Amino acid sequence: MADPVRVEVVSPERVLWSGEATMVVTRTLDGGEVAFQAGHQAFLGVLVENHTRVFLTDGTKQDIAIHRGFVEVSGEPTTVSILSDTAELASDIDVERARQALERHRLVLKQEHDEAELTEALAGRARAEARLTTVGVSFTA
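Because the structure is a prediction, the values reported are computed rather than measured.

**Brief notes about the overall build of the protein chain**
Secondary structure assignment for the protein chain yields two helices and nine strands. Start at the N end of the protein chain and walk to the C end: the helices and strands fall as β-β-β-β-β-β-β-β-β-α-α. On C-alpha atoms alone, the protein chain measures out to a radius of gyration of 16 Å, which is about the 14 Å that the 2.2 N^0.38 rule sets for 141 residues. In terms of its C-alpha atoms, the protein chain occupies a principal-axis envelope of roughly 50 × 30 × 25 Å. The buried share of the protein chain, reckoned over its 141 residues, is 42%. Looking at the protein chain alone, contacts between residues at least 24 apart form 51% of all its contacts between residues at least 6 apart. In the structure as shown, the protein chain presents an accessible area of about 8,100 Å², 48% of it carried by carbon and sulfur atoms. Taking the average place of the 14 positive charges on the side chains of the protein chain and the average place of its 23 negative ones, the gap between the two points comes to 6 Å.

In structure tokens:
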């Protein structure tokens, strides 16, 4: 087995998840998906709303909805730190609430002309889509 990486997912209020993994896959701004394993070079990136996957050393996977933030990879042993204002474990996501939010934001995008309202609706849609993707619920784009 490959060396594990230390993973920390942190918000301003608390450590959401911490443990060892074989790989972390997340999505960065303008960089697409990126995977981190032991021995990865130092890295600092800006995260977009996404479904982050943490592949645990026991063969299971921790699914996390990340709502923007930063990822830093450093050290020996390799540590992957995800810093996010808001992040949610898949087990904590209310699927029905996420579906309703997605529909509400889509409706605003179809009907609204105010730039501030459109900006907020785009961000809300991205958060809802990240939540639904994290829990494995399909939706049409």
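Picking up after the structure, the text goes on.
**Points about the nonpolar core**
Among the nonpolar cores identified, the biggest contains 20 residues, and V7, V9, W17, V54, I64 and I82 are the most heavily contacted of them. Secondary structure elements with two or more residues in this core: β1 (5-10), β2 (15-28), β3 (32-36), β5 (50-56), β6 (61-66), β7 (69-74), β8 (79-83) and β9 (87-89). Ranked by residue count, the leading element in this core is β2, at four residues. Apart from residues no more than four positions distant in its own chain, W17 is found in contact with V7, E8, V9, V54, L56, Q62, I64 and L89.

**Concerning the pairing of β8**
With four of five residues buried, β8 is to be regarded as a mostly interior element. In this structure, β1 lies alongside β8, joined through five bridges in parallel fashion. If you follow E8 over to β8, its bridge partner there is S81. Pairing of β7 with β8 involves five bridges; the strand directions are antiparallel. Paired with V71 across the two strands is I82, which belongs to β8.

Cut-offs and rules
- Residues numbered from 1 in each chain as written.
- Predicted model: local features only at pLDDT ≥ 70, side-chain atom pairs only at ≥ 80, totals over all residues.
- Heavy atoms only, no water.
- Helix = DSSP H or I, 4+ residues; strand = E, 2+ residues; numbered from the N terminus.
- Rg over C-alpha atoms; globule rule 2.2 N^0.38 Å.
- Buried < 20%, exposed > 50% of the residue type's maximum accessible area, 1.4 Å probe, protein only.
- Contact = heavy atoms within 4.5 Å.
- Areas by Shrake-Rupley, 256 points an atom, 1.4 Å probe, with all protein chains shown as cover.
- Lys, Arg positive; Asp, Glu negative; His and termini not counted.
- Charge placed at Lys NZ, Arg CZ, Asp CG, Glu CD.
- Core = buried A, V, L, I, M, F, W, Y, C linked by side-chain atoms within 4.5 Å.
- Pairing = 2+ DSSP bridges.

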